[in-house]
Amino acid sequence: MSEELNFVLKARREKLAAIEALGVPPYAYSFDRTHVVAQAPEALADAEEGPSISVAGRLVSWRGHGKTAFAHLADESGRIQLYFRRDVLGEDGFALIDLLDIGDVVGVSGPLFRTRTGEVTVRVEELELLAKSLRPLPFGKEEVVDGVTVRHSGFSDPEQRYRQRYADLAVHPEVRALFRARSRMTTAIRTFLDDRGYLEVETPVLQPLYGGAAARPFVTHHHALDMTLYLRIADELYLKRLVVGGFERVYEIGHDFRNEGLDRTHNPEFTMLEFYEAYADYTVMMDRVESLLQAAAQAVRDSLGDTVEVPVFTTPFPRLEWQPTLNAALGLDVLAQDESSLRNLARTAGVASVEAMSRPKLLDELFQAHVESTIVEPTFVLDYPVELSPLAKPKRGNPALTERFELFARGRELANAFSELNDPIDQRQRFEAQARLRAAGDEEASGVDEDYLRAMEYGMPPMGGVGIGLDRLFMYLTDVQNIRDVILFPTLRPE
RNA sequence: GCGCUCGUAGCUCAAUUGGCAGAGCAAGCGACUCUUAAUCGCUAGGUUGUAGGUUCGAUUCCUACCGGGCGCACCA
């Protein structure tokens, strides 16, 4: 597959040389468009022959007929047919036609008309080459059968589609539509929060200590400071510092990084939304989550039309309490069990490698096995054990639990939230418990963040906080099974 | 990290038990002034992922490695 010898690439370079020999620059600086192609039918309206328009885009199909040729030109808005005639373009103009390829970016000008079959078409009077394509894009051929576009051959190798997302996007309008919908979802979430007085902020990606979640971090090094820095695994602790500083409602949308395995629901970097609201507790945040998800779903629905069935969120979501639900599933009092009993229960539930697990981990595994995996409709799970939630406030009336909820749907977590712990004495004890787990070998447990404790000691307002993984939310809304299909450039091994 | 599986032309795919590596599209040349998976004729296009091994002979069987997919583990 030596590219020097590849005859297809060679042919294109020879055409490039021929184009230059004609005195035509193969790579332009700009082109003035009067329309995008989707506006053409409106511009022509019912007329026999419409106004002259200028459009630009990529040639996506070609049908030569000797002294004429038909082609399709695609821009972001859609595609339109072009009609080239030698008697219109002249000998010189038509000479350039022979040197065009599918994939070339061109600008054309000419009047609109309707062909015998009724298709709105540009009769090209002027042609400008904007970028010569030297490498064939893997366009399939399309035909319309009973109004449905059927694509033949094309570009289907998933590896190459991920590696060369630019090519995947270039030949698959539906992939562009999916990522456009994702962007609309993000915009809708920003609007939702902005409308409620939230301030969008940016906090450090490079952190001297990592915290706010349990995960293995990526480790890097700053040369000038000669210090270890970690890529953040969560935004949480910095956002809550900002609430101490007086920003009462803040949010951040950005990438978190977790140095774990890759699979269809995990990419090493992923998009996290976190938002914090002073003077709210977790019951308020449940309302926020319900409304925010409805807004996100509506944005996706509006963007994709009826090509995808976006779930309708019926609120309020059902609530399940962690402890009674798990107790009922097991027929005993979970939190009263000692560690070896929990280990046995986990083993019985089919949980692997239970021997090395800490008590919090065992509790979480049991809940996952018996409850989480069975949840289909969006459901809030409330009031997790304190061991599982080192940053959440104790539950009023039951300090063994915390005021925390997670939202599950189709067996997956969509949101995680709590009434945030704002007692610096309690927080220090929780950090120290984490540090002990860490010393005992739990790589994911956090350490003591003294700066965060200092901030809390100045007085942290009570607040509710929520984290939502936007990749997974979008997967849920569009029923996509692989996270790589919702990330433009997913992490892959090098070629 | 483990298991299964896949890797053949630019793209999508064939190749019987281990027996001459093929097709469609794309490409090149030629014909064609309303085609639309345009059509017709001709031509070219390959280190079968990489490196070894078994064999008279390997796309096919074996080993290792590289990359992907699926599953498991991991991911509070």
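## Section: the domain arrangement of chain A
Right, so step 1: Structurally, chain A comprises domain 1 (7-136) and domain 2 (175-318 + 377-485).
Right, so step 2: Relative placement of domain 1 and domain 2: their C-alpha centres are 49 Å apart.

## Thoughts on the sheet that holds strand E9 (residues 199-200)
Within a sheet, adjacent strands bond to each other through the backbone by hydrogen bonds, running parallel or antiparallel.
Right, so step 1: Overall, mixed pairing links the 8 strands, which are arranged E9-E13-E14-E21-E20-E19-E16-E15 in an open sheet. Of all strands in the sheet, those bounded by a partner on one side alone are E9 and strand E15 (319-321).
Right, so step 2: Its contacts with the sheet put helix H7 (residues 236-244) on strand E13 (249-257), strand E14 (269-278) and strand E21 (463-469), and the angle it makes with E14 is roughly 25 degrees.

## Some words on the protein's contact with RNA strand B
Right, so step 1: Inspection of the region around RNA strand B gives 60 residues, with Gly-66, Phe-70, Thr-115, Gly-261 and Asp-364 positioned closest.
Right, so step 2: Those elements giving two or more residues to the surface near RNA strand B turn out to be helix H1 (7-21), strand E1 (49-64), strand E2 (68-75), strand E3 (78-85), helix H3 (86-97), strand E7 (141-145), helix H4 (158-163) and helix H11 (359-370).
Right, so step 3: With 4 residues, E7 is the single largest residue contributor to the surface near RNA strand B.
Right, so step 4: Looking at the surface near RNA strand B residue by residue, the class counts come to 20 nonpolar, 18 polar and 22 charged.

## As for the packing of helix H12 (residues 424-439) against helix H13 (residues 450-457)
Right, so step 1: Remark: H12 packs on H13, axes separated minimally by 9 Å, with the N-to-C direction vectors making an angle of 165 degrees. The angle between H12 and H13 places the two elements in the roughly antiparallel class. Two packed elements cross with a definite hand, and for H12 against H13 that hand is right-handed. Residues Pro-424, Gln-427 and Arg-428 of H12 pack against Leu-453, Met-456 and Glu-457 of H13.
Right, so step 2: Grouping the amino acids of the contact of H12 with H13 by side-chain chemistry returns 3 nonpolar, 1 polar and 2 charged.

## Some points on the environment of Gly-103
Right, so step 1: Structurally, Gly-103 is set in the loop between H3 and strand E4 (105-114).
Right, so step 2: With 22 C-beta atoms counted inside 10 Å, the residue Gly-103 sits in the buried group.
Right, so step 3: C-alpha of Gly-103 to C-alpha of Gly-441: the two residues are 338 residues apart in sequence and 55 Å apart in space.
Right, so step 4: Filtering out sequence-adjacent residues up to four positions away, Gly-103 remains in contact with Arg-58, Leu-59, Ser-133, Pro-136 and Leu-137.

## Examining unusual backbone geometry
Right, so step 1: In this chain, Thr-315 is followed by Pro-316 through a cis amide linkage whose omega measures -5 degrees.
Right, so step 2: Its location among the elements puts Pro-316 in the loop between helix H8 (282-304) and E15.
Right, so step 3: One non-glycine residue, Asp-226, lies in positive phi territory at about 45 degrees.
Right, so step 4: Positionally, Asp-226 belongs in the loop between strand E11 (219-222) and strand E12 (227-231).

How each quantity is defined
Residues numbered from 1 in each chain as written. Chains lettered and ligands numbered in written order. Predicted model: local features only at pLDDT ≥ 70, side-chain atom pairs only at ≥ 80, totals over all residues. Domains from an automatic or database assignment. Pairing = 2+ DSSP bridges. Helix = DSSP H or I, 4+ residues; strand = E, 2+ residues; numbered from the N terminus. Contact = placed C-beta atoms within 7 Å. Axes fitted to C-alpha atoms, helices over the stretch in contact; angles between N-to-C directions. Near = placed C-beta within 6 Å. Nonpolar A, V, L, I, M, F, W, Y, C, P; charged D, E, K, R; others polar. Parallel < 35°, antiparallel > 145°, perpendicular 65-115°, else oblique. Left-handed = near helix turned anticlockwise from the far one by under 90°. Buried ≥ 20, exposed ≤ 12 C-beta atoms within 10 Å, placed from the backbone.

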